[in-house]
Amino acid sequence: MHILFKTSFLLLSQLLITTTNAQVAPEAKPNANTPVYKLKIKPKAEPSPALRYTLYPEVRTQVNGNAAQGYYRAFSPDWMSYRNDKEYPKKYEKWLSISLKELDEKEIHIPQEMLTQLHESALKTYCDWDMLAKLRKDGISMLLPDLQGMREFSRALSLDCRVQLKKGEIDKALADIRTGLTLSRHLGEGPTLIQGLVAVAAGTMMFPRIDELISHEKAPNMYWALTTLPQPLVNFSTGLGGEVLMIDNLFPGMRDMLYSGKVTPIAQEEMMKVFPLLEQINGGSDNKSSLKQMLVQAALVLNIDAAKKALLDHGITEPMLTNITPLQIILMAEVLHYDKTYQNMIKWNSIPYPVARKRIKELDATIKKPEASVLSPFPLGTFSAMILPAVSRVMEASPKMERRIAALRIIEAIRMQAAFDKAWPDSLEKVTIVPVPADPFTGKAFAFKKEGKKITITAVVPEGEKPSAHNNFTYELELED
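Residues numbered from 1 in each chain as written. Predicted model: local features only at pLDDT ≥ 70, side-chain atom pairs only at ≥ 80, totals over all residues. Heavy atoms only, no water.

A. Geometry of the overall build of the chain. For the chain, the helix and strand inventory stands at 22 helices and six strands. At a minimum sequence separation of 6, the contacts of the chain that also span at least 24 residues come to 79%. Working note: accessible area of the chain is about 22,000 Å², and carbon and sulfur atoms make up 53% of it. (Helix = DSSP H or I, 4+ residues; strand = E, 2+ residues; numbered from the N terminus. Contact = heavy atoms within 4.5 Å. Areas by Shrake-Rupley, 256 points an atom, 1.4 Å probe, with all protein chains shown as cover.)

B. How the structure looks around the sheet that holds strand S1 (residues 36-41). Here four strands make up an open sheet; going across it, the order is S1-S6-S5-S4 and the pairing mixed. Sheet topology places S1 and strand S4 (447-451) at the edges, where each strand pairs with a single neighbour. The mean angle between the axes of side-by-side strands here comes to 15°, regardless of whether they run parallel or antiparallel. Pairing of S1 with strand S6 (residues 473-479) involves six bridges; the strand directions are parallel. Within S6, the residue paired with Leu-39 across the bridge is Leu-477. Packing of helix H9 (residues 207-215) onto the sheet brings it into contact with S1 and S6, and relative to S1 it is tilted by some 25°. Against the sheet, helix H22 (residues 397-421) makes contact with S1, S4, strand S5 (454-459) and S6, and its axis sits at roughly 20° relative to S6, the strand it touches most. (Pairing = 2+ DSSP bridges. Axes fitted to C-alpha atoms, helices over the stretch in contact; angles between N-to-C directions.)

C. Seen up close, the environment of Ala-199. When you line up the elements, Ala-199 lands in helix H8 (residues 193-204). Put simply, Ala-199 and Arg-185 are 14 residues apart on the chain and 6.5 Å apart in space, counted from C-alpha to C-alpha. In contact with Ala-199, not counting residues within four places along its chain, are Ser-184, Leu-187, Gly-188, Val-234 and Met-401.

D. A look at the pattern of salt bridges. Enumeration according to the criterion identifies 22 salt bridges in this entry. Between Arg-60 and Glu-58 there is a salt bridge; the shortest N-O distance is 3.4 Å. On the basis of relative accessible area, Arg-60 is assigned to the exposed category, the value being 70%. We classify Glu-58 as partly exposed; its relative accessible area is 28%. (Salt bridge = Lys/Arg side-chain N within 4 Å of Asp/Glu carboxyl O. Buried < 20%, exposed > 50% of the residue type's maximum accessible area, 1.4 Å probe, protein only.)

E. Structural view of the packing of aromatic side chains. Taken as a whole and assessed by the stated rule, the structure comprises twelve aromatic pairs. Centroid distance Tyr-71 to Trp-129: 6.1 Å. Interplanar angle 15°. Geometry classified as stacked. With Tyr-71 in helix H2 (residues 67-73) and Trp-129 in the loop between strand S3 (124-126) and helix H5 (132-138), this residue pair connects regions lying 58 residues apart in the sequence. With respect to burial, Tyr-71 and Trp-129 carry one shared label: buried. Centre to centre, the rings of Tyr-223 and Trp-224 are 4.9 Å apart; their planes meet at 90°, and the pair counts as edge-to-face. Of the residues examined, Tyr-223 reaches a relative accessible area of 0% and is grouped as buried. The partly exposed category is assigned to Trp-224, whose relative accessible area is 25%. In this structure an aromatic cluster arises from ring pairing among Tyr-71, Tyr-72, Phe-75, Trp-129 and Phe-153. (Phe/Tyr/Trp six-rings, centres within 6.5 Å; stacked < 30°, edge-to-face > 60°.)

F. Inspection of the packing of helix H18 (residues 326-348) against helix H19 (residues 353-366) at higher detail. Viewed as axis vectors pointing N to C, H18 and H19 meet at an angle of 165°, and their least axial separation amounts to 10 Å. By the criterion of interaxial angle, the relationship of H18 to H19 is roughly antiparallel. The two elements H18 and H19 cross, and the hand of that crossing is left-handed. Taking contact as the criterion, the partners of Thr-341, Asn-344, Met-345 and Trp-348 in H18 are, on H19, Ala-356, Arg-359 and Leu-363. (Parallel < 35°, antiparallel > 145°, perpendicular 65-115°, else oblique. Left-handed = near helix turned anticlockwise from the far one by under 90°.)

G. How the structure looks around the side chain of Gln-164. Along the polypeptide, Gln-164 turns up in helix H6 (residues 147-167). Residue classification places Gln-164 among the buried positions, given a relative accessible area of 7%. With near-sequence residues (within four places) excluded, Gln-164 lies in contact with Glu-169, Lys-172, Ala-173 and Asp-176.

H. Region of interest: H8. Taking 1.5 Å per residue as the helical rise, H8 with its twelve residues ought to reach 16 Å, and the 17 Å between its terminal C-alpha atoms agrees with that figure. Counting buried positions along H8 gives nine out of twelve residues, so the element sits mostly inside the fold. Burial in H8 covers these residues: Leu-193, Ile-194, Gln-195, Gly-196, Val-198, Ala-199, Val-200, Ala-202 and Gly-203. (Expected span 1.5 Å × (residues − 1).)

I. Looking closely at the environment of Ala-201. Its place among the elements puts Ala-201 in helix H8. Of the residues examined, Ala-201 reaches a relative accessible area of 23% and is grouped as partly exposed. In this structure, the C-alpha to C-alpha distance between Ala-201 and Ser-154, residues 47 residues apart in sequence, is 9.1 Å.

J. Expanded view of the pairing of S5. Across the six residues of S5, five count as buried, placing the element largely inside the fold. For S4 and S5, the ladder comprises five bridges, and the chain directions are antiparallel. Bridge pairing in S5 places Phe-448 opposite Ile-457. As paired strands, S5 and S6 are joined by six bridges and run antiparallel to one another. What sits directly across from Ile-457, in S6, is Tyr-475.

K. The confidence of the model for the chain, seen in detail. When pLDDT is averaged along the chain, the result is 87; 88% of the residues meet or exceed 70. A low-confidence stretch, residues 1-24 (pLDDT under 50), is modelled with 105 contacts involving residues beyond four sequence positions or located in other chains. (pLDDT = per-residue confidence, 0-100.)

L. Layout of the side chain of Asp-176. By secondary structure assignment, the location of Asp-176 is in helix H7 (residues 170-187). Of the buried charged residues, Asp-176 lacks a salt bridge, with Arg-178 as the closest side chain of opposite charge at 8.7 Å. What Asp-176 contacts, discounting residues up to four positions off in sequence, is His-119, Leu-157, Asp-160, Cys-161, Gln-164 and Met-206. (Lys, Arg positive; Asp, Glu negative; His and termini not counted.)

M. Region of interest: the environment of Met-150. Locating Met-150 in the fold gives a position in helix H6. On the basis of relative accessible area, Met-150 is assigned to the buried category, the value being 0%.

N. Main features of unusual backbone geometry. Here Ser-48 and Pro-49 are connected by a cis peptide whose omega angle stands at -5°. Here the residue pair Gln-231 and Pro-232 is connected by a cis peptide bond, since its omega of -5° sits within 30 degrees of zero. Looking at where Pro-232 falls in the secondary structure, it is placed in the loop between helix H10 (223-227) and helix H11 (237-250). With phi around 55°, Asp-130 is a residue other than glycine that occupies positive phi space.

Structure follows, in structure tokens:
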């Protein structure tokens, strides 16, 4: 489980999307590493009323209750029997990748009862996954076998959306997207970081469907539907707090001792139980001595001075330390080191990502596993490096998701402006009918370029980074009158 925690996207930036009407958009410069999304678009005015179409449930449509219960009910074996077809995954990928024109909706059989259950669940007023007690008990060993099924729901909604678009059933296609985005947000309300990762992946599955919706001849303008989505769509706050419980499970009682000032001895046998779990997290030990033996040796002989200093600096007194074993001193110092590092991450969670990004990169460098030596085989901070996820990858997950939403808002703003002016704008500065969002990932304007009957909107590579499929993208818009 925790291998997923380590590689999951952990920290979510709470950022406000600002407007850039006064900014000068740079020239779009796509490169070989730029994902390109191609759309055909037509001018489209704002719907009337403006929020006639939504991508998130309105309060008036919601029903009191817990969405999680309904999502689990959608796992009914009768409804999921289509997955018994061994060729189904390949068919799925084909149906999601071919063009709408090529899609044969008669081949596709998704249980409507399951979809109905998902739609109804997404209308519930809250989502509580009821996992806190289990997380406290199991810690990093807690399993989440249902998460893959949740991703299956997102794929089913994505596929049904394509079927509805092919049929021209715009309202039904919108319902699939709305439920998919709501499921994404609900998944992000779980107390684990891996749920946040799956939430981002699930929500991202809806973006190609929004692309296809915008290109559909019957589609309304979705600017306000996109703008009124919760910001950010996936909020990691609960998962961020749940992560802390893993330390309480690994090192029971030690955090309370650090902050209460009441230090009591813990039996050596109890403390030794943590080592098999740490070896599992660390992928096992390549050394002749087991990790357990190395830790005991370090605690008893070599690393005690650094650990003592850390605890004394924190306010633990020398008399308190004399009453506990060297191993407990080492482990308490590791918990303190973890808390300092983790809370440094948390504090940047409240800062817009473009502002916090430099500090995040610096913080990421400090979490790397300390180098061991003969005199210090297990330096202070080794536990933190094992347990903490990669900060940069985690904190950029939500801004990347918001980046795609912002780009879609720009496309709809362009369509709205074209409908008003009876001509396509030749720059973002000419789009004044509604606010144009900045890039939530960089804080700067999206790049814009118009050539004849084509507009490109590019989310540019952040300063100091090399282009990759993960840090930039371009929308190529073929303009139709």
